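A look at the structure
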Amino acid sequence: MRKKIVAGNWKMNGSRYDAHVLLESIKQGAGTLSGVEIIIFPSFVYLQQCEETLADSLISWGGQNLYLGRAGAFTGEISGAMLVDYGCQYVLIGHSERRHLFYEDVNLLAAKYKAAQYVGLQPVLCVGETIEEREAGKTESIIQQQLASVVEAASIDAFRQAVIAYEPVWAIGTGLTATPDQAQEIHAFIRQVLAAYHPGIAQSVRILYGGSVKPDNAKSLFAMPDIDGGLVGGASLDAKAFLAICQAAMYT
Ligand code: PEP
C-alpha cells in the first residue's frame, strides 16, 4: 500500500507574512490528517520558517530546485547540502517551469537528481508533455525519455526513495486538468517504463498527478489506482483549499 502524498509548490509566491499565516493554518488543519504525507515546497527564503513552524509536526518541506555540488562559485544557486541544513527532506527536480523557462535539459536534470540523492534528499522528479507533444502523439515517448535519462544516469535503484510527479504542461496553472482516465493512463505507463528496469520498484514508487488539482477534482483523480496523490501549485497557496485536497487524499 503506497501512502498518498499531497505536496504544495508555492513557486515564487508569498511574503514572509503570507508564509507565516499559511504554514500555521496548514499545520493546525493537518493535525488530524495522519493518513497522508504532506510536503511544502516554498521559495528558498521561507525554508527557515518551515523549519521553525513545522519541526514538531508531521509535515515535511523541501526545495523547489538545487544546483550541483556542495559549495562553490555558482552565484545565485543553492546546493542540496544547504537544503539539508534547513531540514529539507525533498527537492523538486525538473518541474516544467525549470525545463521550459530555464532550459534545464535531461542531462542537467539527471545530474541534479544524483546530487539530491548524494546528500540524502528525496527527489520529486517531474515529467510531462506539452500540448504540442500530446497532439503529435508523442506523450509516451517524451515521458519515456524524461525517465530513461535519469534511470540511466542514476540507476533504477535511485528510484527506491524517490517520488515522480506526472504534470502535463498544458494543465499547469491553466485551470485545465487531465481527466482521471487520461492521468491514470500515463501513470500506468510510467510504472510500465520503470517495470522494465525493476518491477518491484515500479510498484512501490509513488506517482503524483499535478496540473490544476483543486478541491473539486482531487478525489476523482486520487481514486485512480496508479495516482498516489498530487503536486499542487495554485491551490496550495490557500490553506482551506490545500487542506481540502489533503482530506481528499485521506479517503481515496
Ligand atoms: C505545479 O506547480 O506543479 C502545478 C501543478 O501548478 P497548478 O496546480 O497551479 O496547476
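Look up a bit, the structure's there.
Described in the following lines is the structure provided in the data block. Remember, it's a predicted structure, so these values are computed and weren't measured experimentally.

Rules used throughout
Residues numbered from 1 in each chain as written. Predicted model: local features only at pLDDT ≥ 70, side-chain atom pairs only at ≥ 80, totals over all residues. Heavy atoms only, no water. Pairing = 2+ DSSP bridges. Helix = DSSP H or I, 4+ residues; strand = E, 2+ residues; numbered from the N terminus. Axes fitted to C-alpha atoms, helices over the stretch in contact; angles between N-to-C directions. Near = heavy atom within 4 Å. Polar contact = N/O pair within 3.5 Å; in protein donor to acceptor, adjacent residues only side chain to side chain. Areas by Shrake-Rupley, 256 points an atom, 1.4 Å probe, with all protein chains shown as cover. Contact = heavy atoms within 4.5 Å. Buried < 20%, exposed > 50% of the residue type's maximum accessible area, 1.4 Å probe, protein only. Core = buried A, V, L, I, M, F, W, Y, C linked by side-chain atoms within 4.5 Å.

1. A look at the sheet that holds strand S3 (residues 60–63)
Strand order in the closed barrel formed by eight strands is S1-S2-S3-S4-S5-S6-S7-S8, with parallel pairing between adjacent strands. Within this sheet the neighbouring strands show an average axis-to-axis angle of 25°, counted without direction.

2. A closer look at the site of the ligand
Residues in contact with the ligand amount to 14 residues; listed here are only the nearest, Lys11, Glu167, Gly173, Ser212 and Gly234. Contact distances for the ligand include 2.6 Å between an oxygen atom and a backbone N or O atom of glycine 173. In this structure, glycine 234 approaches the ligand through a main-chain N or O atom, which is 2.8 Å from an oxygen atom. Across the complex, the protein chains shield 98% of the 290 Å² of accessible surface that the ligand would expose by itself.

3. Digging into the side chain of glutamate 37
Position of glutamate 37 among the secondary structure elements: in strand S2 (residues 36–41). In this structure the side chain of glutamate 37 is engaged in a polar contact, spanning 2.9 Å, whose partner is the side chain of arginine 206. Ignoring any residue separated from it by four or fewer positions in sequence, one finds glutamate 37 in contact with Lys3, Lys4, Ile5, Val6, Tyr90 and Arg206.

4. Remarks on the environment of alanine 81
Here alanine 81 lies in helix H3 (residues 80–85). By relative accessible area, alanine 81 is classed as buried at 19%. For the pair alanine 81 and tyrosine 118, spaced 37 residues apart in sequence, the C-alpha separation works out to 9.2 Å. The residues contacting alanine 81, other than those within four sequence positions of it, are Arg70 and Val119.

5. A short note on the nonpolar core
Counting residues in hydrophobic clusters, the biggest one holds 71 residues, and the most contacted among them are Ile40, Phe159, Ile190 and Phe222. Not counting chain neighbours up to four residues away, the residues in contact with phenylalanine 159 comprise Tyr113, Leu125, Val150, Val151, Ile164, Leu194, Ile201 and Val205.

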